[in-house]
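Observations on the model geometry
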Amino acid sequence: MNQQEPSPRILYLGSDINTDDIIPAKRGTNGEPDHLKRYAFEHLIGEGKLMEYDIIEAGDNFGCGSSREFAPIAIQAAGIQKVRARSFAEIFYRNSINIGLPLEFLSPSLHSLTSSSTPAPLIQSITHSGGLSSFNKRRRAGKITLPPSQTPPRPMTMAEKLLARASGNEFVQPGEVIFATVDLAMSHDAIAATVGERFYQEFGADAKVWDADRIVFVADHFIQINDIRSDAGAIQMHKQMVQFAQAQNCRLFDVVSPGEAAGICHVLLPEQGLIRPGMVIAGTDSHSCTYGAFGCFSTGVGTTDMANLFAMGDLWLRVPGTLRFDLSGTLPDHVSAKDIMLFILGQIGCDGAVGKVMEFCGSIVDALAIDERMTLANMVIECGAMCGLMAVDETTRAYLRDRGQTEFLEITADPDAQYDRVYSFDLSNLEPQIACPPKPDRVISISELSDVSITRAFIGSCTGGKFHDLQQAAAVLKGRKVAPGVSLFVVPASQQIRQQAKASGDLQILEQAGAQILKSGCGACINAGFGVLGKQETGIYATNRNFKGRSGDPTAHNYLASPRTVAISAVRGKISDRLENDR
């Protein structure tokens, strides 16, 4: 008599399961699979519980959020045989393909690039080779040749033109898989050590990177962890990044003093003149999409992608379709790019642009300063997008000239380019926006919010620590004091911004109001420095994500808003956009 095999044990989950749900960022200082599997989904099902299941089944946009490859590694290490979902976040999808974690689509979502149940031939070849590293080693040995695109002549969007050029093709179209040559690769201290380890493991202990001049390392993510908790792993990861950068002769922006960054990567690289229009850029951080504000194609990647990029100089991508956002009207006083982006998130959701490019245009965009354009591009990943793009104009050129950049490629879309969808928003009457926990798309106008008392307020990160952001906060706080019982933390995103704010008097205004000016770095945004939320605390943050446990204790409640709204809330002791008690 044949013994019947037991039914697989299935863990059922909902939509928008993010990478901080899968493996909290604070666990990322130890990349050992046995460590990761223990803490997989700890905030959802409990520590060590994932190993009691065989299959994960979820809704849309599984794996959204960070580009950390630790998420699929944790799932794989726990013995999960397959992840089924209606759709997958694009970076998670690529990371899973690269490491061989089986994925399956359930009733594919029509708006997602990941909706095809039959992978493209190049993806199948990567899978059949045993993952990306094995595939690329066969390429290096001459056993695999990349086929040219068969796409016939067609009008193209900005993103399609950038990727056609980078892949050596005249034309490309959404959905096709290409290998794009990368102009700049960036990694930071939270990921670089594992990238370097993977690079040597796969390509040899004496391997050299393809082009040291095109690789940049930044110390910014975990350099402050030991200010709030003991974590030897963070220290070791930083040390290993520095060693790799020096051994390979790559550019390194190391700490300027213990725990103090030269700058947060996505603010620092443009500031240093390393970002130019026409480039293709990859970074081991999901907010690498920020550089699209300068007319680049830029996206986040995982460990395996970057290790292979170090060896090959290129990156496999599925050409994304483009969503065009025409933002018209005149922006009301005291409404900022952060409010615009939160509004868009509320309209289209965290899965509204999965695997797409978000291209911004219109009178509102034309009037925005570079810092504000960077905020728009920075947060497109919260909609699931690969990149946020804006055409080059005189504002862009002036910023670049100030940094010694005068030669670059300006690319514009063809007049008859095909967009997946065009959104038109007149923002003349836009109110300040608030994202309620635990997702950045739970957005309402501030007038719809009931009284919410706060104990913490935070202005910083790659989203909210730029000079324009500090100016917004200082304008509010001049001559005022932070409310009793509220702690306000301010983090200048770079040393240059700190000096600008000091010279302008804004830093003094913030300090006199009672703000604590912290060292530059990612810090509390990634639960790795002063300013994190404690148990049951409620805070309002000018950061980009408010996932459970993202910026502190998982029982805390984190609201997202513009730097101006955060500053007013710190004065009022509750979430507000009004300085007087007139509502």
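For the structure given in this document, a descriptive report is provided here. Owing to the predicted nature of the structure, the values given are computational and were not obtained by experimental measurement.

**Side note on the overall build of the protein chain**
A count of helical and extended segments in the protein chain gives 20 helices and 22 strands. A compact globule built from 583 residues should have a C-alpha radius of gyration of about 25 Å, and the protein chain, at 23 Å, falls within 12% of that. Taken along the three principal axes of its C-alpha coordinates, the protein chain extends 75 × 60 × 45 Å. Counting contacts in the protein chain only where the partners sit at least 6 residues apart, residues at least 24 apart contribute 74% of the total.

**Here we look at the sheet that holds strand 7 (residues 215-218)**
Pairing within the open sheet is parallel, and its five strands lie in the order 8-7-6-9-10. The strands lining the two open edges of the sheet, one partner per strand, are strand 8 (251-253) and strand 10 (297-300). The sheet shows a mean angle of 20° between the axes of neighbouring strands, taken without regard to direction. Relative to strand 6 (residues 184-188), helix 11 (residues 303-312) is tilted by about 135°, and along the sheet it contacts strand 6, strand 7 and strand 9 (280-283).

**A few points about the sheet that holds strand 12 (residues 322-328)**
Taking strand neighbours across the sheet as the criterion, the four strands line up as 14-13-12-15 in an open arrangement whose pairing is parallel. Of all strands in the sheet, those with a lone pairing partner are strand 14 (387-390) and strand 15 (421-426), marking the two edges. Between one strand axis and the next, the sheet turns by 20° as a mean value, whatever way the strands run.

**Some words on the state of the cysteines**
Put plainly, a disulfide is one covalent bond tying together the sulfur atoms of two cysteines. In the structure shown here, the tally under the stated rule is zero disulfides. Cys-387 provides the cysteine sulfur closest to Cys-361, a residue in no disulfide bond, and the two sulfurs are 15 Å apart. Looking at Cys-361, the relative accessible area reads 15%, which means it is buried. We note that Cys-462 lacks a disulfide partner, and the nearest cysteine sulfur, in Cys-525, lies 6.2 Å from it.

**So, the pattern of salt bridges**
Following the criterion strictly, the structure yields 35 salt bridges and no others. Between Lys-466 and Asp-469 there is a salt bridge, and its shortest N-O distance comes to 3.2 Å. Like Lys-466, the residue Asp-469 is buried in the burial classification. Overlapping salt bridges, with partners in common, bring together Glu-57, Lys-82, Arg-84 and Glu-104 in one network.

The rules behind these values
Residues numbered from 1 in each chain as written. Predicted model: local features only at pLDDT ≥ 70, side-chain atom pairs only at ≥ 80, totals over all residues. Heavy atoms only, no water. Helix = DSSP H or I, 4+ residues; strand = E, 2+ residues; numbered from the N terminus. Rg over C-alpha atoms; globule rule 2.2 N^0.38 Å. Contact = heavy atoms within 4.5 Å. Pairing = 2+ DSSP bridges. Axes fitted to C-alpha atoms, helices over the stretch in contact; angles between N-to-C directions. Disulfide = S-S within 2.5 Å. Buried < 20%, exposed > 50% of the residue type's maximum accessible area, 1.4 Å probe, protein only. Salt bridge = Lys/Arg side-chain N within 4 Å of Asp/Glu carboxyl O.

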